[in-house]
Amino acid sequence: MSILTELNTLFSPVLPVETGVFSGVSPDEYLVFTPMTDEFSLFGNNTPLFDISEVRISLFSKGNYLQRKKQITALLLGAEFTITDRRYIGHEDDTGYHHYAIDVEKSYETEE
């Protein structure tokens, strides 16, 4: 399992989701997942035992984003993601979207 697979499974029933950039006509509210880092952690016999992946979840909303932010946070914590950062990026005047970012990470055992 990968972090993107888990996030897609978790959020696809809630909002439209894309990875990297939203393609097509953008709805009033959607998520974009941007992979940020992949690192190995905890080694044994010179072999990595865990792979830690980090993704930025960007919420784009033309309305009040605060309730959706709370819903996303609750879903992430319930699915045992670690939230490393949450911040308001700003209002995009040219598109009318509020942009809010939530950075998450999760560790996975490496496959032998």
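Data block above holds the structure.
Just so we're clear, the structure is a prediction, and the values are computed from it rather than from any experiment.

Q: Describe the nonpolar core, naming the residues involved and giving the relevant values.
A: Most often, soluble globular proteins keep nonpolar side chains buried together rather than apart. Of all hydrophobic cores here, the largest spans 18 residues; its most connected members are Leu7, Phe11, Leu31, Phe33, Ile57, Leu76 and Val104. Among the elements of the structure, helix H1 (3–11), strand E2 (29–44), strand E3 (47–61), helix H2 (66–78) and strand E5 (97–109) are those that each provide at least two residues to this core. Element by element, the count of residues in this core is highest for E5, at four residues. Residue contacts for Ile57: discarding those within four places in its chain leaves Leu7, Phe11, Leu31, Val32, Phe33, Leu76, Tyr100, Ala101, Ile102 and Val104.

Q: Now, about H2: what can you tell me, with residues and values included?
A: For H2, with 13 residues, the first-to-last C-alpha span of 18 Å sits near the 18 Å given by 1.5 Å per residue. When H2 is considered as a whole, its buried residues turn out to be Arg68, Lys69, Ile72, Thr73 and Leu76. The buried residues of H2 occupy an angular sector of 135° when the element is viewed end-on, so they sit on one face. Across H2 from its buried face, at more than 90 degrees, point the exposed residues Gln67, Lys70, Leu77 and Gly78. A positive phi of about 65° marks Glu80, the residue just after H2.

What counts as what
Residues numbered from 1 in each chain as written. Predicted model: local features only at pLDDT ≥ 70, side-chain atom pairs only at ≥ 80, totals over all residues. Heavy atoms only, no water. Core = buried A, V, L, I, M, F, W, Y, C linked by side-chain atoms within 4.5 Å. Buried < 20%, exposed > 50% of the residue type's maximum accessible area, 1.4 Å probe, protein only. Helix = DSSP H or I, 4+ residues; strand = E, 2+ residues; numbered from the N terminus. Contact = heavy atoms within 4.5 Å. Expected span 1.5 Å × (residues − 1). Arc of directions from axis to C-beta.

By themselves, these observations are geometric and do not establish any function.
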